Amino acid sequence: MNPAPSVIIFTVLSGLGFGYLAWLCAGLATPAGIGAFLAFGAGYALAAGGLLASTFHLGQPKRAWRAFTQWRSSWLSREAWVSVAALLAVAPVALGALAGKEPGLWGLVAAALCLGTVLCTSMIYAQLATVPRWNHPLVPVTFQLFALAGGAILLPLPLVAAVLGVVLAGVLAIGFRIGDARFAGAGSTLATATGLGRIGAPRVFEQPHTGGNYLTREMIHVVGRRHAARLRRIAVAGVVLPALILPLLPSVAGVALALCAHLVGAFAARWLFFAEAEHVVGLYYGRR
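Just so we're clear, the structure is a prediction, and the values are computed from it rather than from any experiment.

Chemist: Any chance you could explain the overall build of the protein chain here in plain terms?
Modeler: Each helix and strand counted, the protein chain has ten helices and zero strands in total. Counting from the amino terminus, helix and strand elements in the protein chain follow one another as α-α-α-α-α-α-α-α-α-α. Residues classed as buried in the protein chain amount to 45% of the 288 residues present. Here the contacts in the protein chain between residues at least 6 apart in sequence split such that 76% fall between residues at least 24 apart.

Chemist: Can you walk me through the pattern of salt bridges in this structure?
Modeler: Between side chains of opposite charge, a pair can form when the charged atoms approach closely. Applying the stated criterion across every chain, the model contains five salt bridges. The partner of Glu-276 in a salt bridge is Arg-133, and the shortest N-O contact between them spans 3.8 Å. Of the two residues, Glu-276 sits in the segment after helix H10 (252-275) while Arg-133 sits in the loop between helix H4 (104-126) and helix H5 (138-154), which places them 143 residues apart along the sequence. In terms of burial, Glu-276 and Arg-133 fall into one category: buried. Across the pair Asp-180 and Arg-232 runs a salt bridge whose closest N-O atoms are separated by 2.7 Å. You can see Asp-180 sitting in helix H6 (residues 158-186) and its partner Arg-232 sitting in helix H9 (residues 225-248), a full 52 residues away along the chain. By relative accessible area, which is 41% here, Asp-180 ends up partly exposed. Judged by relative accessible area, which is 17%, Arg-232 ranks as buried. By sharing partners, the salt bridges in this structure join Arg-133, Asp-180, Arg-232, Glu-276 and Glu-278 into a single network.

Chemist: Just to check I follow, could you spell out unusual backbone geometry for this structure?
Modeler: It is generally the case that most residues other than glycine have a negative phi and that most peptide bonds are trans. Each neighbour pair has its own omega, and for Leu-155 with Pro-156 the value is -10°, a cis peptide bond. Its location among the elements puts Pro-156 in the loop between H5 and H6.

Chemist: How should the environment of Gly-165 be read in this particular structure?
Modeler: Examined against the element boundaries, Gly-165 turns out to sit in helix H6. Along the chain, Gly-165 and Gly-150 lie 15 residues apart, while their C-alpha atoms are 8.6 Å from each other. Setting aside residues no more than four positions away along its own chain, Gly-165 makes contact with Val-239 and Val-240.

Chemist: Which parts of the structure should I look at to understand the packing of H5 against H10?
Modeler: Pairs of packed helices are described in terms of their axes, by the angle between the two and the distance that separates them. The geometry of H5 relative to H10 is characterised by a closest axis approach of 9 Å and an angle of 160° between their N-to-C directions. Put simply, H5 runs roughly antiparallel to H10. For H5 against H10, the interelement crossing comes out left-handed. For the pair formed by H5 and H10, the contact residues are Val-139, Phe-143, Phe-146, Ala-149, Gly-150, Ile-153 and Leu-154 on the first element and Val-255, Ala-258, Leu-259, His-262, Gly-265, Ala-266, Ala-269, Arg-270 and Phe-273 on the second. A per-class count over the contact of H5 with H10 returns twelve nonpolar, three polar and one charged.

Chemist: Help me understand the nonpolar core, please; the structure alone is not making it clear to me.
Modeler: Side chains of nonpolar character tend, in soluble globular proteins, to be buried together. Counting residues in hydrophobic clusters, the biggest one holds 73 residues, and the most contacted among them are Phe-18, Leu-21, Phe-40, Tyr-125 and Leu-172. Contributions of two or more residues to this core are made by helix H1 (5-26), helix H2 (34-54), helix H3 (75-98), H4, H5, H6, H9 and H10. The residue makeup of this core includes at least three contributed by each of domain 1 (1-127) and domain 2 (130-288).

Chemist: What's the story with a nonpolar patch on the surface in this structure? I'm lost.
Modeler: Together, Ile-34, Phe-37, Leu-38, Leu-95 and Leu-98 make up a nonpolar patch on the protein surface, roughly 550 Å² of accessible area in all. Elements represented by at least two residues in the nonpolar patch include exactly H2 and H3. Counting residues per element, the nonpolar patch draws most heavily on H2, at three residues. The topology assignment puts Leu-98 in helix H3. Relative accessible area serves as the criterion here: at 38%, Leu-98 is assigned to the partly exposed category.

Criteria and thresholds
Residues numbered from 1 in each chain as written. Predicted model: local features only at pLDDT ≥ 70, side-chain atom pairs only at ≥ 80, totals over all residues. Heavy atoms only, no water. Helix = DSSP H or I, 4+ residues; strand = E, 2+ residues; numbered from the N terminus. Buried < 20%, exposed > 50% of the residue type's maximum accessible area, 1.4 Å probe, protein only. Contact = heavy atoms within 4.5 Å. Salt bridge = Lys/Arg side-chain N within 4 Å of Asp/Glu carboxyl O. Axes fitted to C-alpha atoms, helices over the stretch in contact; angles between N-to-C directions. Parallel < 35°, antiparallel > 145°, perpendicular 65-115°, else oblique. Left-handed = near helix turned anticlockwise from the far one by under 90°. Nonpolar A, V, L, I, M, F, W, Y, C, P; charged D, E, K, R; others polar. Core = buried A, V, L, I, M, F, W, Y, C linked by side-chain atoms within 4.5 Å. Domains from an automatic or database assignment. Patch = residues over 30% accessible without salt bridge, like charges linked within 9 Å, V, L, I, M, F, W, Y side chains within 5 Å. Areas by Shrake-Rupley, 256 points an atom, 1.4 Å probe, with all protein chains shown as cover.

Given below as structure tokens:
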């Protein structure tokens, strides 16, 4: 699929922001006073800024409010509601931290809502049977690990961030291998797509359209195998590097460097997440 920059920025930054807010609300390292103001402000900026970036991918951004109307059937709508609930739930925790109070039980509720938002974001993609590469359980796991690992780097929780980074690298590597086999495993071919398999082996004689259209622009994207392999190595290396940086440089500079490495890995992995996704509609165009 077409890796739209706005969606990549949205999923990476909002995930990082909600993961960071979840750790803050859990109370493992609770800042106070001006420190709390800066910490929660950064979390809100990342989470809300990421959500705002997603509207730039809409044809009519002014209609974004309609995302709230389909919560019974749409994970996108559920994401909208849970994200608002999470940001509202974090507010009392942030105000309490300014006064030096511990998050308590309400902090755990707010943390759960933050991670629930990340889950809803991941399920927008994981529930799509039409994109086999996304349609497996490791997709929501990967989204959660990115959020938690990035948040742990920002807090910082060096040991937790290091462990999560190593786990995330392993999950990414396994996810790439599983994803590569998903389309063939789904059994979708031009014969099944057209329903003509019973009379022979169909092939594309001419393209359905003489020019480009929404489907060919958004749903069909081809990424070179060598280019993909290079980006996969960058993604895995990026999420592993913080495990080496944080113990060696336990300082603000170390945290900044670890966060940069994590973001490089996150953006590379998320670009591949969209660019390598094969939509079954490509079968009609002979683009598989």
